[in-house]
Amino acid sequence: MTDLRMVPAALAVWAAAWVLTGAGERWSGLVSGLVGAVLLAACLRIAFVRGQGRGGPQASRARRAVTVRRAMTARRAATALPAATTNRPPAATVLVAHAALAAACVLAVTASAHVQLAGRAPLAGLAEQRVTATLVGVVVSQPEPFAFAPGAGQHRWVLAARAMDARGVGSAARAHVQVLSAVVPRYGATVTVSGGLRPADPGAAETARLNAESTAEIRAPPSALRVLDTHRAALLDVTDPLSPQARGLVPGAAIGDTTRLPDDLSEEMRITGLSHITAVSGGHFAVVVTVLTLLCSVARLPRPVRVLVIALASLAFVLLVRPEPAVLRAAVMAAFALTGVALGRPSQAVPALAASVVGLLVVDPWLARSFGFALSAAATAGLVLLAAPLAARLAPWTGEALAFGLAVPLAAQAACGPVLVLLDPSVSTVSVLANLLAGPALVPATVLGLVATVLAPWLPAVAGLVAWAASGATWWIAAVAHRCAALPGATVPWLGGPVGALLLAVLTGLVLWAVLRREPLRGWPESWRATARSGLRQVVREVLRDAPPEVRTLRRPLSRARFLVLLAAASAAALVVAVAVPRLAARSGLPQDWQVAACDVGQGDALALRTGPVSAVVVDVGPDGPAADRCLDELGIERVDLLVLSHFHADHVGGLRPVLAGREVVAALVSPVPEPTANAAATEAVLAAAGVPVRVAETGDRGVLGSLAWRVLQAGAGSGANDSSIVLAARVAGLDVLLLGDLEDAGQEALVPLTGRFDVVKVAHHGSAVQSRALAERVRPAVALVSSGRDNEYGHPTDEALDLYAGVGAAVVRTDECGTVALVVRGEEVSLAGC
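Residues numbered from 1 in each chain as written. Predicted model: local features only at pLDDT ≥ 70, side-chain atom pairs only at ≥ 80, totals over all residues. Heavy atoms only, no water.

*Asks:* When you look at the overall build of the chain in this model, what are you seeing that I'm missing?
*Replies:* A tally of regular secondary structure across the chain gives 28 helices and 24 strands. Residue burial in the chain is summarised as follows: out of 835 residues, 46% are buried. (Helix = DSSP H or I, 4+ residues; strand = E, 2+ residues; numbered from the N terminus. Buried < 20%, exposed > 50% of the residue type's maximum accessible area, 1.4 Å probe, protein only.)

*Asks:* Is there a simple way to think about the pairing of strand β9 (residues 594–598) in this case?
*Replies:* Strand residues, when the strand is regular, have side chains that alternate between the two faces of the sheet. For β9, the buried fraction is high: 5 of the 5 residues fall into the buried class. Summarising the sheet, β9 and strand β23 (residues 821–826) pair through 4 bridges and their orientation is antiparallel. Following the sheet pairing, Ala597 is matched in β23 by Ala822. The pairing of β9 with strand β10 (residues 607–612) spans 3 bridges and is classified as antiparallel. From the neighbouring strand, Val596 faces β10, where its bridge partner is Leu609. (Pairing = 2+ DSSP bridges.)

*Asks:* I keep staring at the sheet that holds strand β17 (residues 708–714) and nothing clicks. Help me out?
*Replies:* Taken together, 7 strands build an open sheet; the order of strands is β16-β17-β18-β19-β20-β21-β22 and the sheet is mixed. With one partner strand each, in any of the chains shown, β16 (702–705) and β22 (811–814) form the two edges of the open sheet. Neighbour-to-neighbour, the strand axes of this sheet turn through a mean angle of 20°, independent of strand direction. Summarising the sheet, strand β18 (residues 727–732) and strand β19 (residues 735–739) pair through 5 bridges and their orientation is antiparallel. The partner of Leu728 across the bridge, within β19, is Leu739. Across the sheet, helix α27 (residues 799–807) lies against β20 (760–762), β21 (783–786) and β22, angled at about 145° from β22, the strand it touches most. (Axes fitted to C-alpha atoms, helices over the stretch in contact; angles between N-to-C directions. Contact = heavy atoms within 4.5 Å.)

*Asks:* Help me out: how do you make sense of the state of the cysteines in this one?
*Replies:* One way to say it: the disulfide is the covalent bond shared by the sulfur atoms of two cysteines. For the coordinates displayed, the defined rule picks out 1 disulfide. Linked covalently through their sulfurs, Cys599 and Cys631 form a disulfide whose S-S length is 2.0 Å. Its S-S torsion of about -75° marks the bond between Cys599 and Cys631 as left-handed, since a negative value means left-handed. In this pair, Cys599 sits in the loop between β9 and β10 while Cys631 sits in helix α21 (residues 627–634), placing the two residues 32 residues apart along the sequence. Neither residue differs from the other here; Cys599 and Cys631 are each classed as buried. (Disulfide = S-S within 2.5 Å.)

*Asks:* What is the right way to read helix α6 (residues 244–255) from this model?
*Replies:* Since the α-helix turns once every 3.6 residues, residues separated by three or four places project in the same direction. Taking 1.5 Å per residue, 12 residues should reach 16 Å; α6 reaches 17 Å between its end C-alpha atoms and fits that length. When you tally the buried positions in α6, you get 10 out of 12 residues, the bulk of the element. Those residues of α6 that sit buried are Gln245, Ala246, Gly248, Leu249, Val250, Pro251, Gly252, Ala253, Ala254 and Ile255. The elements touched by buried residues of α6 are α5 (223–239), α7 (263–271), α8 (282–298), α9 (303–321), α14 (431–455) and α15 (460–485). (Expected span 1.5 Å × (residues − 1).)

*Asks:* How do you make sense of the pattern of salt bridges when you look at a structure like this?
*Replies:* In a structure, side chains of opposite charge can pair up when their charged atoms sit close to one another. Scanning the entire structure with this criterion turns up 19 salt bridges. Of the charged contacts in the structure, one is a salt bridge between Arg209 and Asp736, with a shortest N-O distance of 2.6 Å. Taken together, the positions of Arg209 in strand β6 (residues 208–219) and Asp736 in strand β19 put the pair 527 residues apart, joining distant regions of the chain. Put simply, Arg695 and Asp701 hold a salt bridge, and the shortest N to O gap is 2.8 Å. A relative accessible area of 42% places Arg695 in the partly exposed class. When its relative accessible area of 9% is taken as the criterion, Asp701 is described as buried. (Salt bridge = Lys/Arg side-chain N within 4 Å of Asp/Glu carboxyl O.)

*Asks:* I tried to follow the nonpolar core on my own but got confused; where do I start?
*Replies:* Within soluble globular proteins, side chains that are nonpolar tend to cluster in buried spots. With 32 residues, the main nonpolar core has Trp594, Val621, Leu635, Ile637, Leu643 and Leu687 as its most contacted residues. Of all the elements in the fold, those that place two or more residues in this core are β9, β11 (615–619), α21, β12 (639–645), α23 (656–662), β14 (668–670) and α24 (677–689). Residue contributions to this core peak at 4 residues, all from α21. (Core = buried A, V, L, I, M, F, W, Y, C linked by side-chain atoms within 4.5 Å.)

*Asks:* Can you help me understand the environment of Leu442 in this one?
*Replies:* Within the secondary structure, Leu442 is located in helix α14. Judged by relative accessible area, which is 17%, Leu442 ranks as buried. Separated by 165 residues in the primary sequence, Leu442 and Ile277 place their C-alpha atoms 7.2 Å from one another.

*Asks:* Whenever I open this one, the packing of aromatic side chains confuses me. Can you help?
*Replies:* Two numbers describe a pair of aromatic rings. These are the distance of the centres and the angle of the planes. One pass over the structure, following the stated rule, counts 3 aromatic pairs. Ring plane angle 85° and centroid distance 5.3 Å describe the contact between Phe285 and Phe317, whose orientation is recorded as edge-to-face. Within this pair, whereas Phe285 is found in helix α8, its partner Phe317 is found in helix α9, the two being separated by 32 residues in sequence. Of the two residues, Phe285 and Phe317, both sit in the buried class. A cation over an aromatic ring shows up here: Arg369 above the ring of Trp18, its NZ or CZ 4.1 Å from the ring centre. Lying over the aromatic face of Trp594, Arg610 brings its terminal NZ or CZ to 4.9 Å of the ring centre. (Phe/Tyr/Trp six-rings, centres within 6.5 Å; stacked < 30°, edge-to-face > 60°. Lys NZ or Arg CZ within 6 Å of the ring centre and 35° of its normal.)

*Asks:* Please clarify how the pairing of strand β5 (residues 190–199) should be interpreted in this entry.
*Replies:* Where burial is concerned, most of β5 is hidden: 8 out of the 10 residues are buried. Pairing between strand β1 (residues 132–139) and β5: 7 bridges, direction antiparallel. Across the sheet, Thr132 pairs through a bridge with Gly196, a residue of β5. In this sheet, β6 lies alongside β5 in antiparallel orientation, the contact comprising 10 bridges. If you follow Arg198 over to β6, its bridge partner there is Arg209.

*Asks:* What is the right way to look at the environment of Leu590 in this model?
*Replies:* Here Leu590 lies in the loop between α20 (560–585) and β9. In contact with Leu590, not counting residues within four places along its chain, are Glu634, Leu635, Thr820, Ala822, Ala833 and Gly834.

*Asks:* It is not clear to me how helix α12 (residues 371–398) should be interpreted in this structure. Could you clarify?
*Replies:* For α12, spanning 28 residues, the distance from its first C-alpha to its last is only 34 Å, which falls clearly below the expected 40 Å at 1.5 Å a residue. Taken as a whole, α12 carries its principal kink of about 45° at Leu386; the proline Pro389 stands between one and four residues after it. The backbone nitrogen of Gly372 has a side-chain oxygen 3.4 Å away, supplied by the residue at the start of α12, namely Ser370. Downstream of α12 by one or two residues, Gly399 has phi in the positive range, about 90°. (Bend = angle between axes of the 7 residues up to and from the residue. Polar contact = N/O pair within 3.5 Å; in protein donor to acceptor, adjacent residues only side chain to side chain.)

*Asks:* Which parts of the structure should I look at to understand the packing of α14 against α15?
*Replies:* Packed helices, taken two at a time, are described by the angle between their axes plus the distance between the axes. Packing of α14 against α15 leaves a shortest axis separation of 8 Å and a crossing angle of 160°. By the angle between their axes, α14 is roughly antiparallel relative to α15. α14 and α15 meet at a crossing whose hand is left-handed. (Parallel < 35°, antiparallel > 145°, perpendicular 65-115°, else oblique. Left-handed = near helix turned anticlockwise from the far one by under 90°.)

*Asks:* Got a minute to help me understand the confidence of the model for the chain in this structure?
*Replies:* Keep in mind that low pLDDT regions are not for reading the predicted coordinates in detail. For the chain, per-residue confidence averages 81 on the pLDDT scale, and 80% of positions sit at 70 or higher. Note on residues 77–86: pLDDT under 50 across the span, and 4 contacts to partners over four residues away in sequence or across chains. (pLDDT = per-residue confidence, 0-100.)

*Asks:* What is the right way to look at unusual backbone geometry in this model?
*Replies:* Geometrically, the link from Glu675 to Pro676 is a cis peptide bond, its omega value of -10° lying close to zero. Relative to the helices and strands, Pro676 is located in the loop between β14 and α24. Although it is not a glycine, Asp620 sits at a positive phi angle of roughly 70°. Relative to the helices and strands, Asp620 resides in the loop between β11 and α21. Positive phi, normally seen in glycine, also occurs at His766, with a value near 60°. Position of His766 among the secondary structure elements: in the loop between β20 and α26 (773–779). Of the residues examined, His766 reaches a relative accessible area of 2% and is grouped as buried.

*Asks:* Hey, could you run me through the packing of α7 against α15 in this one?
*Replies:* Relative orientation of the contacting elements α7 and α15 amounts to 70°, with a least axis distance of 8 Å. As summarised for this structure, α7 and α15 are arranged roughly perpendicular, according to the angle between their axes. The two elements α7 and α15 cross, and the hand of that crossing is left-handed. Residues Leu265, Glu268, Met269 and Ile271 of α7 form the contact with α15, whose participating residues are Ala478, Ala481, His482 and Ala485.

*Asks:* Help me understand the environment of Pro325, please; the structure alone is not making it clear to me.
*Replies:* Mapped onto the fold, Pro325 is located in helix α10 (residues 325–343). Sequence spacing of Pro325 and Phe373 is 48 residues, and the spatial spacing of their C-alpha atoms is 5.0 Å. Among all residues touching Pro325, those that are not within four sequence positions of it are Leu367, Ser370 and Phe373.

Here it is in structure tokens:
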């Protein structure tokens, strides 16, 4: 029987860690007190209720239990059988013990979060002020190319800061900082890095972000890491002559290095649910430990030596692939298993998983918000809880081998599906098939890749041959990904966010309940049951023959319960198709989870910053006509939380009436300079007629709307309408966005000392020739959006503007070439849709 005693404690710790890491230091004490009080009350309530046994139904049940025990004792005595003795504690004691365990675990993670939040506070305060600082610390993540603009040579990595110097004052620092830098440091090196600090997202594992202006290594990594880095680099060298898929997949399957994985193959693996092959986790650990165990058995090593060898090899493997959240989870579970082997008491998977979750969350509460950690834990839970029951249900149809092969990806898909929907609002319909076909190639790809990694520094020629052999396995994986991704309906659009995840979890639970609640084929005619048990091939043979007698005499092929389940599933599928497909079809291919969008409205501006599933902040509405309204419909925007009209020129306010008519507008923020006068008066009249509250913008205005925070950096600072544009800075989905309106020379120069680095910039005045080099070099965006019309009479955008922003490392995106474009953030990846 599965031991689930640690599961409530693990779930409670996860929930507490998630709340605490988002609440901040000020609330951690309050949250811990409330959690402790609730758990204490639960313990007391359980003890009180279970302690009542003197009257009413409980007394009757107790008397009946005593009578049954006495009867059983008498029967054993009469038959001379020895009476079984148990030392099982009372139920109330067990429940109180479980509640006390959960309370102790929650209080431990609360104390850990409180201490760590206090250590992060000084650096977090400086990041809010966006000061320039110099930090000293250790590189604790593998540097990876910045996802959106790899051509700019930027890499992203995490620094465990130990000291900082800000505003000429040095101090200690205990926090992680995400660094964006053109310099690629070595993992484990001690470095000093200088640049502008920016606040991290709420709940992020890092305290702040820093755009590095200079980076220098002051101490090399430890010798063990240098050796392992040599092996990583040597593997890349020996795989360099191979085919493109092998150059990316052999290092990916062996050590999780995806820097050379082709973009199209990466997307196909995502669609087909094969991305886990290049994300080192429990499957890779299982392969490594199994191979080492077989080798130790062949060498006839005694148990203590065997455990020591596997433990050291596992530690080296963790350092080789880097201790990411999923790797840590797998490593801790492997440690529990090795401890059990050493003690001669093999550990059970579910308690080991629960204990691993509790221990890791106490050490690092921010793992509760890591998608990698959540997917790893969910996949493992699905495999240990669902794979065997699903295989038992499938075996009568397919035989045991194929049943197990299908049950593993089915169990993983069922457990991970709700989490994956939070990252990408779609459901893969081919992942089970793809994993079934690609699964046999994973072991040779991993084992041969690791052998090549070990040999590469010393015997590169031999390692090259081994890597070439591994490329055969990865060729099959790539072929499966390509073919399955090309199948019609490979992915089905799904509702995004927590609601979509909850809906998928409920539907998955209902299907599992319907499948697992009954014995396979129970209630079927005996002749059909015999045919089914003979295996899938025999079933196909029977179906292809003329109709057998049992088919003609069958009266009730489906029980009522199963019919109702099928009817409910069909109704749910019809509802999803009826609601999701038309809405997605109306979006002209733009992804549902866009975050920043620049609308194609011709020669004008209209931008949207997402605040919720159907809501956004809209900045300008383009020229006269329905273009902005159509764009907002394509984006699925039904409510505008804040309408910002940067200034009153017709190419920014002309499309106001259709936008107001098509959706709810909560409030409007307008330029303080009412020029041109006629346009300003007409705009205010239209807003008043629609009942939209209007406020004149002032420098320093700020607010939070859903998942977006905004502030006015500048308003009415210059003379004339253009230089009086509202300059809006916003933060959404981890992106810092700067919208410059139609600023001219004076307005842009006045903005320079007020800004720092931004991820996305809407280039001023449709990309006119009037651009401030000082401002462009100050903000250094990864993406520069240019909103302009095709073949416009002004010559926008100019080559000068395009060259300026390209020269500071930005990817320049133009609506006159691409149409409506949107930025999408999925985990740590930022991508462009529509161009």
